[in-house]
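Each chain is listed here by its residues.
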Amino acid sequence: MKKPIKASLDNIKQAAKIINQGGTVIFPTETVYGLGADALNSDAVIKIFRIKQRPEFYPLIIHIQNKNDIYRLCKNVNKLTEKLMKHFWPGSLTLVLEKSDLVPDIVSAGSNTVGIRMPSNKVALDLIHLAKTPIAGTSANRSGYLSPTNAQSAFEQIGNEVDFCLDDGETEKGIESTVISLVDEPMVLRLGSIEVERIERLIGKVIALQGSTTKLKMKTKFEFLLPNTLIPKKSNAGLLAFKKPGFFKRKFKKVAVLSAKGNLMEAAKNLFPKIYELDNAKLDKIYIDPIPEKEMGQAIMSRLRKIVQGD
Ligand code: TXA
Ligand code: MG
């Protein structure tokens, strides 16, 4: 395929047909763009791993359009799970549960659990509905780089190898879903678009893991700006600022602001596009203004730690 295609109903129908034929599709969700295939077709799912170029297999998320599909795909759906589904679905919460025999082992990378979510993006829901099958997917980036928040940046990374790419503009949230395991005591495995505070208001205290420390492969070196950081006067450095910076600004060649008013939701939405922009600006170094670590700030900081080298 040559370029992303606007997500009209006819084009979504075409993408659904490709899913049914065992092909791969880049599709929008409210969090980031996904690379998907028919979750019940192992031969189709295996193409996802090949396209992402990650050496080993890893578990994919199954995207569903009808909440009831969880009972076909998972075992032991308990009351707590139902409470979370009722409150947060459709939306950016991935539930990890024991998988049923219907789910091919390749989807769960051999584990007996599977991550499921019902996205809220309408194009994603239409696509799953029209394909009449759940869609296994992962963020539509090449392994080790940022998740794409628009069709263009997904296409630049993996477009040559996919069968179809649906364009639905910038994603609404900009950060991946929160992943919570309900196999045992509820445990947040990845911080994301649904804040831990919101989950805790509904079901009480949960264990939250700090997330993986796998570094992303950025072109430029990123470093946190600390009170004692010295920036040379005439440096070719950039700044990723949370709010509008004051006098500090003149020290940098390029400044990207996540949210002029310091709104965490807006900062999350702008995070990947701004990092992408700075990383491609041929700077020697990029400083990051740390974000307050509460609510969405926790997920933002966990992503920033993944791009800072040598911390
Ligand atoms: O917002 C999102 O979640 C996006 C959109 C496309 O849905 N998807 C996404 O997929 O970010 P991916 O593959 O890039 O990240 C999935 C995360 C990984 O951290 C993976 O380890 C975890 O979910 N995960 C998936 N299935 C799991 C399982 N069975 N057990 C533990 N962790 C799992
Ligand atoms: Mg990913």
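Above this text you will find the structure in question.
Here's a quick rundown of the structure.

**Observations concerning unusual backbone geometry**
- Cis rather than trans, the peptide bond between Trp-89 and Pro-90 has omega equal to -10°.
- Considering the arrangement of structural elements, one finds Pro-90 in the loop between helix H4 (79–88) and strand E5 (93–98).
- Its identity as a non-glycine residue notwithstanding, Ala-109 has a phi of 55°, on the positive side.
- Mapped onto the elements, Ala-109 comes out in the loop between E5 and strand E6 (113–117).

**Thoughts on the packing of aromatic side chains**
- This structure, assessed with the given rule, holds four aromatic pairs.
- Ring centres 5.1 Å apart and planes at 80° place the aromatic pair Phe-49 and Tyr-58 in the edge-to-face group. Tyr-58 shares its class with Phe-49; the two are buried.
- Here a set of aromatic residues connected by ring pairs shows up, and it is made of Phe-49, Phe-57 and Tyr-58.

**Considerations on the sheet that holds strand E14 (residues 254–257)**
- Pairing is parallel across the open sheet formed by four strands, whose spatial order is E12-E15-E13-E14. Lying at the two open borders of the sheet, with one neighbouring strand each, are strand E12 (221–224) and E14. With direction set aside, neighbouring strand axes in the sheet form an average angle of 20°.
- The pairing of E12 with strand E15 (residues 285–288) spans four bridges and is classified as parallel. Its bridge partner being in E15, Lys-221 is matched across the sheet by Lys-285.
- The strands touched by helix H9 (residues 296–307) are E12, strand E13 (237–241) and E15; relative to E12, the strand with the most contacts, the crossing angle is about 130°.

**Brief notes about the sheet that holds strand E3 (residues 34–38)**
- As summarised here, the arrangement of the eleven strands in space is E1-E8-E2-E3-E7-E4-E6-E5-E9-E10-E11, forming an open sheet in which the pairing is mixed. Every interior strand has two partners, whereas the edge strands, strand E1 (5–6) and strand E11 (207–208), have only one.
- Sheet topology note: the strand E2 (residues 25–27)/strand E8 (residues 164–167) ladder contains two bridges and is parallel. When the bridges of E8 are listed, Ile-26 appears paired with Cys-165.
- Docked against the sheet, helix H2 (residues 42–52) engages E3 and strand E7 (135–139), running at close to 155° with respect to E3.

**Comments concerning the site of ligand 1**
- Ligand 1 sits among 19 residues. The nearest are Thr-31, His-63, Thr-138, Ser-139 and Ser-177.
- Take Thr-31: an N or O atom from its side chain is 2.7 Å from an oxygen atom of ligand 1.
- Residue Arg-190 places a side-chain N or O atom 2.9 Å away from an oxygen atom belonging to ligand 1.
- Considering ligand 1 on its own, with 680 Å² of exposed area, one finds that the protein chains cover 83% of that surface.
- Contributing elements (two or more residues each) for the shell around ligand 1: strand E4 (61–63), E6, E7 and strand E10 (187–190).
- It is E6 that provides the largest number of residues to the shell around ligand 1, a total of four residues.
- Looking at side-chain class alone, the shell around ligand 1 contains eight nonpolar, eight polar and three charged residues.

Parameters at a glance
- Residues numbered from 1 in each chain as written.
- Chains lettered and ligands numbered in written order.
- Predicted model: local features only at pLDDT ≥ 70, side-chain atom pairs only at ≥ 80, totals over all residues.
- Heavy atoms only, no water.
- Helix = DSSP H or I, 4+ residues; strand = E, 2+ residues; numbered from the N terminus.
- Phe/Tyr/Trp six-rings, centres within 6.5 Å; stacked < 30°, edge-to-face > 60°.
- Buried < 20%, exposed > 50% of the residue type's maximum accessible area, 1.4 Å probe, protein only.
- Pairing = 2+ DSSP bridges.
- Axes fitted to C-alpha atoms, helices over the stretch in contact; angles between N-to-C directions.
- Contact = heavy atoms within 4.5 Å.
- Near = heavy atom within 4 Å.
- Polar contact = N/O pair within 3.5 Å; in protein donor to acceptor, adjacent residues only side chain to side chain.
- Areas by Shrake-Rupley, 256 points an atom, 1.4 Å probe, with all protein chains shown as cover.
- Nonpolar A, V, L, I, M, F, W, Y, C, P; charged D, E, K, R; others polar.

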